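A closer look at the structure
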Amino acid sequence: SEPADFDGRFDTSADSLSATLAGPYVNLNDAQSDRAQLMFDLSAGRSDLLWTANNAPLPQLDAWYYVHRAIGLGQALTPDITWLYEPLTVNVNVEDPYGCNAFYDFESLNFYAASKTCNNTARIFDIVAHEWGHGYHKALSIKGINAYDLSEGASEYWDATLTGDAHLGKGFTRDGGFVRDLEVDKMFPDDIRGESHADGLIWAGALWDLRTLMMGKLGTVAGVRATDLLHARALRGGPTLES
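Residues numbered from 1 in each chain as written. Predicted model: local features only at pLDDT ≥ 70, side-chain atom pairs only at ≥ 80, totals over all residues. Heavy atoms only, no water.

Things to note about the sheet that holds strand β6 (residues 108-112)
Ordered in space as β2-β4-β6-β5, the four strands form an open sheet in which the pairing is mixed. Looking at which strands have only one partner, the edges of the open sheet turn out to be β2 (26-30) and β5 (102-104). Strand after strand, the sheet turns through a mean of 15° between neighbouring axes, direction not considered. Bridging between strand β4 (residues 88-94) and β6 involves four bridges; their strand directions are parallel. Counterpart to Asn 91 in the pairing with β6 is Asn 110. Running at roughly 15° to β5, helix α2 (residues 125-140) makes contact with β4, β5 and β6 of the sheet. (Pairing = 2+ DSSP bridges. Helix = DSSP H or I, 4+ residues; strand = E, 2+ residues; numbered from the N terminus. Axes fitted to C-alpha atoms, helices over the stretch in contact; angles between N-to-C directions. Contact = heavy atoms within 4.5 Å.)

Shown next as structure tokens:
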């Protein structure tokens, strides 16, 4: 009955162990199958217990790992935000005739099953990090999410800083490529298009450029950390940041 710690470590004197993808930070649901649960034989003294594609659905495993990585970043940047310590509902293998989607509905993260044109979005770190970023923005902002272009841009940045890659959404479609690029310089107000994803690139691209400059000034680790902190602290003053 003892839970593992955030890094998955635990101590036990038992000869066997039942494990499932459940914990204090993530409430995982699968629309197509039950939550994975395993029995491990510890009688031979094994110390490393591995979840693999042979014993659990990959959309469950990937979403579980990716969401915890994102939560870890949030806790490191803003340890006082209570949302980061509350169970976050994550739904995988959501079925839709059109596929190709994922969304945050202000209560949960939702990832679609694979379709003829798109891969399973729970299995794509970019997509998971982006949707988690919406929830983090809502938790940070004193008035929640009122500016959707800002929220899209903020989520794009959290995605990019977690992966270290300005090309977002790699693997979203089966034909390869990526969805958006933060290295394409867009400026306010010239590049405003009235569509939240397109306009959000102005905010995200500026932050990515700042991140690059800060890495050059402070070194990679310190530069990324400084930019991430600046971003998180800016979002706390929302909702629109027009000033």
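Considerations on unusual backbone geometry
The amide bond that connects Phe 188 to the next residue, Pro 189, takes the cis arrangement and shows omega of 0°. With respect to the helices and strands, the residue Pro 189 is situated in the loop between β8 (180-181) and α4 (196-218). Residue Asn 93 is not a glycine yet carries a positive backbone phi of 60°. Turning to its location among the elements, Asn 93 is positioned in strand β4. You will see that Phe 106, though not glycine, has its phi angle at about 75°, which is positive. For Phe 106, the position within the fold is in the loop between β5 and β6. The partly exposed category is assigned to Phe 106, whose relative accessible area is 33%. (Buried < 20%, exposed > 50% of the residue type's maximum accessible area, 1.4 Å probe, protein only.)

Side note on the pattern of salt bridges
According to the stated counting rule, one finds five salt bridges in the structure shown. Linking Arg 236 and Asp 80 is a salt bridge whose minimum nitrogen-to-oxygen distance equals 2.6 Å. Pair noted here: Arg 236 is in the segment after α5 (220-235) and Asp 80 is in the loop between α1 (58-77) and β4, with a separation of 156 residues, a long-range link. For Asp 80, a relative accessible area of 48% gives the class partly exposed. (Salt bridge = Lys/Arg side-chain N within 4 Å of Asp/Glu carboxyl O.)

Considering the state of the cysteines
Applying the stated criterion across every chain, the model contains one disulfide. Each sulfur in the disulfide pair Cys 100 and Cys 118 lies 1.7 Å from the other. Because the torsion about its S-S bond is 95°, the bridge between Cys 100 and Cys 118 counts as right-handed. Of this pair, Cys 100 sits in the loop between β4 and β5 while Cys 118 sits in the loop between β6 and α2, and the two are 18 residues apart along the sequence. Look at Cys 100 and you get partly exposed, because its relative accessible area is 24%. (Disulfide = S-S within 2.5 Å.)

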